[in-house]
Amino acid sequence: MFIELQNVTKIYGKDEYATKALNQVSLQIEQGEFIAIMGPSGSGKSTLLNIIGCMDVPTEGVYRLEGKDVTNLNDKQLSDIRNKKLSFIFQHFALMTNFTVFENVELPLLKRNMQKKLRREKVEYYLNKLGIFHLRQKNISKLSGGQKQRVAIARAMVAETDIVLADEPTGSLDRQNGQQVMELLQQMNEEGKCIIVITHDEKIASYANRMIYLSDGCIQLDKRKGVV
Amino acid sequence: MKIGNRVAHFLCDRTVEKWLNFRLSNTIYRLFSKFQLLKGRKLNKKDFEKTNKDVIPILIGYGYHNVFHIGDRFQALAGLGENAFFVTYEVVGILEKGAKWLSANDYLIDYANELDRFFVAPYFPEERDGRAMDVAVRLNNLFLQLSDKKDFPYVKKIIKQKGQELGIYPTVKTISNEMKDYQNNTKQSVRFTLTVGLFFVAVTLIGVISVTISSIQARKYDIGVMMVTGASKHDIGRMVVMELSLIVVTSAIIGVMLSYWTEWNNTFFEHNIRLQAFTWSLYVKIMVVSCFIILISSLIPLWSVNKLALRNLVEGG
């Protein structure tokens, strides 16, 4: 199993301030799946994505990534996993505002002791692929929302990880740009990557081949496309 | 009681020959109390009453005992420019090897100086014809050697009385008391310097910590982005320490350069007086203090980095 969560619970706060964001969630994800996670605000979608993305650790339960238990790893081990196995796309892009497009896309490669020339070739390849090569020297603050999200996708692509996690990737975009972003994610999925998208939008969810519906920290529905 | 003599120092070379003229210099001017002689006689009261036109008796350091002999006469140029004039000296005594004197300027630090390379004259020729104020300034330290230390209270009383008659208020101390005062003053100076230094270190610490924490707070989002793409808290901490080191080391270098420049440009009358404070040990101390500041001022920012929760950093844009 590629991603496996067993009875994962996440509680924020302590004692009377304790809030259960996830409650005994069990989930299995295969490589190459395209999953949409839906649910109302506060249902635990982002918490689930944070745990899958090794940005947070479960309070209870076990999380296995490629068969390896990552529940009790330290910060350095988790950061290594984030760098080598996971890529992220966020609603607000999560780009370094004072950096150029090139520097932002290059970020995941900086920790990999890759040669500068190789790094440059790789970044330029993906910038070309996403049609933003001409923007490479531009500062992020000078870009439109659609362009920023393309930069974020280029950064996810350049990392060449098997898992891409997207938290409301079209939330800040107009319809046309949103559609383009989803097409890019679909393209990445067709290349064999596992895509997990959080969304409120049914249309966005329709790109996925599996839909998980969360409510009150529990999985209410786990439906695959074409399966009744 | 014996009243101490005043000493002139000549700029001359150890190898100089006796028929050459010497230029008298008042750049180094000292007072003394007692000389041990190898040959000849000491200076006496009459020697101090001679004028510049008289032959002035002089004692020579041991270093010249093969150059001059008792009774030798030579001329030295006194004064500068149009006011220069020759004064004739006669060697009346040769100082013992290693004879020492007290220096008015530095006797507390460098208790006694060897006189082997010095000439000792009863006064400066310029002083003889000089203004009363110049003489008074030059006589601001006078050493008296007492035959018995029990005489000190009496001598002190007499000096004070004479001073009052002249309208001046001299300080009369034994050298051992002066040494104690000097040591106490030094301790107080060190304490004061340390207090001021610590104050500035504390201010610097608070400043650097505040700037670093503000910088971390302002860059939370960027830090979040770095962590999402694979940077660990350790990497972020290292980055913070590097930035801190850059600030502190740059400040230290600028501070040292400014201090060095200030010292270099410090003028005292017409002479460049260098404090000679910039030694390797000072640089080592500055480095140690800088490292201390970096270490201490890193702690709170690093703690704040450790408290960062990645899930909160990149949310909300």
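See the structure shown above.
**Quick word on helix α5 (residues 145-158) of chain A**
Residue and element names in this part refer to chain A.
Okay, so step 1: In this model, α5 (14 residues) spans 20 Å end to end at C-alpha, consistent with the 20 Å of a helix rising 1.5 Å per residue.
Okay, so step 2: The buried fraction of α5 is high, at eleven of 14 residues.
Okay, so step 3: Looking one or two residues beyond α5, the residue adopting positive phi is Glu160, at roughly 50°.

**Here's the deal with the pairing of strand β7 (residues 163-167) of chain A**
All names here are of chain A.
Okay, so step 1: Within β7, five of the five residues are buried, which leaves the element mostly enclosed by the surrounding structure.
Okay, so step 2: Residue alternation in β7 divides its side chains into two sets, Ile163, Leu165 and Asp167 and Val164 and Ala166, and both sets are buried.
Okay, so step 3: Here strand β6 (residues 86-90) runs beside β7; their pairing, made up of five bridges, is parallel. Considered in β7, the bridge of Phe90 is made with Asp167.
Okay, so step 4: Alignment of β7 against strand β8 (residues 194-198), held across five bridges, turns out to be parallel.

**Concerning the packing of helix α4 (residues 116-129) of chain A against α5(A)**
Residues and elements named next belong to chain A.
Okay, so step 1: Between α4 and α5, the least distance of the axes is 9 Å, while the angle of their chain directions is 135°. Taken together, the axes of α4 and α5 are oblique relative to one another. α4 and α5 meet at a crossing whose hand is right-handed. Along its contact with α4, which presents Lys122, Val123, Tyr126 and Leu127, the element α5 presents Ala154, Met157 and Val158.
Okay, so step 2: Classifying every residue of the contact of α4 with α5 by side-chain character gives six nonpolar, no polar and one charged.

**A few points about the sheet that holds strand β10 (residues 218-224) of chain A**
Residues and elements named next belong to chain A.
Okay, so step 1: Spatial strand order, β6-β7-β8-β3-β9-β10: six strands in an open sheet with mixed pairing. A single partner strand is all that each edge strand has here, and the edge strands are β6 and β10. Across the sheet, the axes of successive neighbouring strands diverge by a mean angle of 15°, strand direction being ignored.
Okay, so step 2: In the packing of α5 onto the sheet, contacts are made with β6 and β7, and the angle to β6 comes to roughly 175°.

**A few points about the interface of chain B and chain A**
Okay, so step 1: Taken together, the contact pairs 19 residues of chain B with 22 residues of chain A.
Okay, so step 2: Across the chain B/chain A interface, buried area totals approximately 1,600 Å², and carbon plus sulfur atoms make up 60% of it.
Okay, so step 3: When the area that chain B buries against chain A is broken down by residue, the three leading residues are B:Val228, B:Thr229 and B:Arg311, summing to 34%.
Okay, so step 4: One can count one salt bridge joining chain B with chain A.
Okay, so step 5: We note a salt bridge from A:Lys111 to B:Asp235, for which the minimum N-O separation is 3.4 Å.
Okay, so step 6: Connecting chain B to chain A are seven residue pairs in polar contact (both at pLDDT 80 or more).
Okay, so step 7: At the level of secondary structure, the elements contributing two or more residues to the side of chain B that touches chain A comprise α5 (220-228), α6 (233-264) and α8 (310-313) of chain B.
Okay, so step 8: The element that contributes the greatest number of residues to the side of chain B that touches chain A is α5(B), accounting for six residues.

**So, unusual backbone geometry**
Residue and element names in this part refer to chain A.
Okay, so step 1: Although it is not a glycine, Asn7 sits at a positive phi angle of roughly 50°.
Okay, so step 2: On the secondary structure map, Asn7 appears in strand β1 (residues 3-12).
Okay, so step 3: A relative accessible area of 41% places Asn7 in the partly exposed class.
Okay, so step 4: Its identity as a non-glycine residue notwithstanding, Asp216 has a phi of 50°, on the positive side.

**Describing the sheet that holds strand β5 (residues 68-69) of chain A**
Okay, so step 1: A sheet is described by the order of its strands in space; here four strands give the open sequence β2-β1-β4-β5 (chain A), paired in antiparallel fashion. Each edge of the open sheet is held by one strand with a lone partner, namely β2 (19-29) and β5 of chain A.

**Description of the pairing of β6(A)**
Okay, so step 1: Of all five residues that make up β6(A), five are buried, and the element is covered over most of its length.
Okay, so step 2: Alternating residues of β6(A) divide into A:Leu86, A:Phe88 and A:Phe90 and A:Ser87 and A:Ile89, and every residue in both groups is buried.

**A look at the side chain of B:Asp47**
Okay, so step 1: Turning to its location among the elements, B:Asp47 is positioned in the loop between β4 (37-40) and β5 (56-60).
Okay, so step 2: At 2.8 Å, the side chain of B:Asp47 and the side chain of B:Arg41 are in polar contact.

**Considering the packing of helix α3 (residues 101-110) of chain A against α5(A)**
All names here are of chain A.
Okay, so step 1: Between α3 and α5, the least distance of the axes is 8 Å, while the angle of their chain directions is 30°. As summarised for this structure, α3 and α5 are arranged roughly parallel, according to the angle between their axes. As α3 packs across α5, the resulting crossing turns out to be right-handed. For the pair formed by α3 and α5, the contact residues are Val101, Asn104, Val105, Pro108 and Leu109 on the first element and Val151, Ala154, Arg155 and Val158 on the second.
Okay, so step 2: For the contact of α3 with α5, the class distribution of residues is seven nonpolar, one polar and one charged.

The rules behind these values
- Residues numbered from 1 in each chain as written.
- Chains lettered and ligands numbered in written order.
- Predicted model: local features only at pLDDT ≥ 70, side-chain atom pairs only at ≥ 80, totals over all residues.
- Heavy atoms only, no water.
- Helix = DSSP H or I, 4+ residues; strand = E, 2+ residues; numbered from the N terminus.
- Expected span 1.5 Å × (residues − 1).
- Buried < 20%, exposed > 50% of the residue type's maximum accessible area, 1.4 Å probe, protein only.
- Pairing = 2+ DSSP bridges.
- Axes fitted to C-alpha atoms, helices over the stretch in contact; angles between N-to-C directions.
- Parallel < 35°, antiparallel > 145°, perpendicular 65-115°, else oblique.
- Left-handed = near helix turned anticlockwise from the far one by under 90°.
- Contact = heavy atoms within 4.5 Å.
- Nonpolar A, V, L, I, M, F, W, Y, C, P; charged D, E, K, R; others polar.
- Buried area = accessible area lost by both parts, 1.4 Å probe.
- Salt bridge = Lys/Arg side-chain N within 4 Å of Asp/Glu carboxyl O.
- Polar contact = N/O pair within 3.5 Å; in protein donor to acceptor, adjacent residues only side chain to side chain.

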